[in-house]
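These are the residues of each chain, in order.
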Amino acid sequence: MAGILAWFWNERFWLPHNVTWADLKNTEEATFPQAEDLYLAFPLAFCMFMGRLIFERFIAKPCAIALNIQANGPQIAQPNAILEKVFTAITKHPDEKRLEGLSKQLDWDVRSIQRWFRQRRNQEKPSTLTKFCESMWRFAFFLYMFTYGVRFLKKTPWLWNTKHCWYNYPYQPLTADLHFYYMMEVSYYWSVMFSQFTDIRRKDFGVMCLHHLVALVLISFSYVTNMARVGTLILCLHDASDIFLEAAKMAIYAKFQRMSDLLFTMFAIIFITFRIGIFPVWVLNTTLFESWEIVGPYPSWWVFNLLLFLIEGMNCFWSYLIIKMACRCFSKGKVSKDERSDIESSSDEEDSEPPGKNPHAATTTNGTSGTNGYLLTGPCTVDD
């Protein structure tokens, strides 16, 4: 194990030339980021998860009720042991042949069996109240962290001149404000990394897992290598648009259509401006060119920039989907209700489909798309 750890923490990979881990040990004069500091994120993530439960129960839920958001779920399918066994053990989307067999076995018409399976699938959908509470928690967190980040960064020299991210690198002391900023962000991503298995099941579950994993690796990597200054710029840029996305979803759940349209438009503008415009021009420019000029490249420098390009690739993909969805929204005249968190399309839409239509088609014809792990589905839908 000692040999593995020595190989993993090889100074020639992690640090610039002629720098050792001993040079970055804490002293009475200065404090530097230490890898073991990241262990603090696990108890903090647990506390954050518990704080979220309290927030949703005593703050978000009363707000939702005040906005007349009901906790009523979809219509419950009538109990039927045979259909329930097929649903749980075989398939949730029976094909035509199986439907005909069940029709003969139960003496039900095919349309009734299709309706039962739709209702049974819809029972697994979260209520609007649950979705509102989840969005309000995320809105509150991103608003707080973005506000904190702006207040912190406006006092720093590297906000106004990004070359200060690399002057005297890596001997840049870790301040209490910067340490708090990083611990809060990494704790949040650890909390959602685990809570996503119990949260509302999203259609982009795999994309969200990848997003959270990349975010955790990038935050932890930049902390260990003391690239925290440029890391704060990245965190602040990415938190800004999430505020408006969560606000837009809350407006949809509360049925404030005009407000949701406005908020989604603001989200789209900020997302594309910050992540496609400012991020490469401001952040990638300093991590690639200014750092090369001042510090010079070394192995972990290449890894860090590779992770940033991966993030930017996701941003470009999500921006394309946002623009595509925005075009559909403008053509329809509004942003429609949330559908992403549904297991399939809403019960109202399904109940109105014509007889004989494949009930699974509602989940396949419209396709899916995402924004920073926030999926946009259906003809014109905003949801996380």
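Values in this document were obtained by computation on a predicted structure and should not be read as measured data.

How each quantity is defined
- Residue indices follow the written sequence of each chain, beginning from 1 at its first position.
- The model is predicted, so local features are restricted to residues of pLDDT at least 70 and side-chain atom pairs to those at 80 or more, both for listing and for counting; the totals for chains, interfaces and linings are taken over all residues.
- With hydrogens and water stripped out, all remaining heavy atoms of the structure feed into the side-chain values.
- By salt bridge we mean one thing: a side-chain nitrogen of Lys or Arg within 4 Å of a carboxyl oxygen of Asp or Glu.
- Here a strand is any run of E in DSSP of at least two residues, a helix any run of H or I of at least four, and the numbering for each starts at the N terminus.
- We call a set of buried Ala, Val, Leu, Ile, Met, Phe, Trp, Tyr and Cys residues a nonpolar core when their side-chain atoms join them within 4.5 Å.
- Burial classes: relative accessible area under 20% of the type maximum marks a residue as buried, over 50% as exposed, and values in between as partly exposed (1.4 Å probe, protein chains only).
- Working definition: rings of Phe, Tyr and Trp (its six-membered ring) pair if their centres are within 6.5 Å, and the pair is stacked with planes under 30 degrees apart, edge-to-face with planes over 60 apart, and tilted otherwise.

Novice: Explain the pattern of salt bridges to me, please; I cannot follow it from the model alone.
Specialist: Scanning all chains against the criterion turns up six salt bridges. Between Glu56 and Arg52 there is a salt bridge, with the nearest N and O atoms lying 2.8 Å from each other. Separated by four residues within a single helix, Glu56 and Arg52 lie in helix 3 (residues 41-66), roughly one turn from each other. Ionic pairing is found between Arg275 and Asp242, a salt bridge with its closest N-O pair at 3.5 Å. Here Asp242 lies in helix 11 (residues 228-253) and Arg275 lies in helix 12 (residues 257-294), a separation of 33 residues in the sequence.

Novice: In this structure, what is going on with the nonpolar core? I would like to understand it.
Specialist: The nonpolar side chains of soluble globular proteins are, as a tendency, buried together. Counting residues in each nonpolar core, the largest one holds 85 residues, and the members touching the most others are Tyr188, Phe264 and Phe304. Looking at this core, the elements with two or more residues in it are helix 3, helix 7 (128-153), helix 9 (176-195), helix 10 (205-224), helix 11, helix 12 and helix 13 (299-332). The element best represented in this core is helix 11, accounting for 14 residues.

Novice: What is the right way to look at the packing of aromatic side chains in this model?
Specialist: Each aromatic ring pair is specified by the distance between its two centres and by the angle formed by the two planes. A full pass over the atoms with the stated rule returns 28 aromatic pairs. For the ring pair Phe13 and Trp14, a centre distance of 5.2 Å and an interplane angle of 90° mean the geometry is edge-to-face. Classification of Phe13 as partly exposed rests on a relative accessible area of 29%. One aromatic cluster in this structure is built from Phe8, Trp9, Phe13, Trp14, Trp21 and Phe221.

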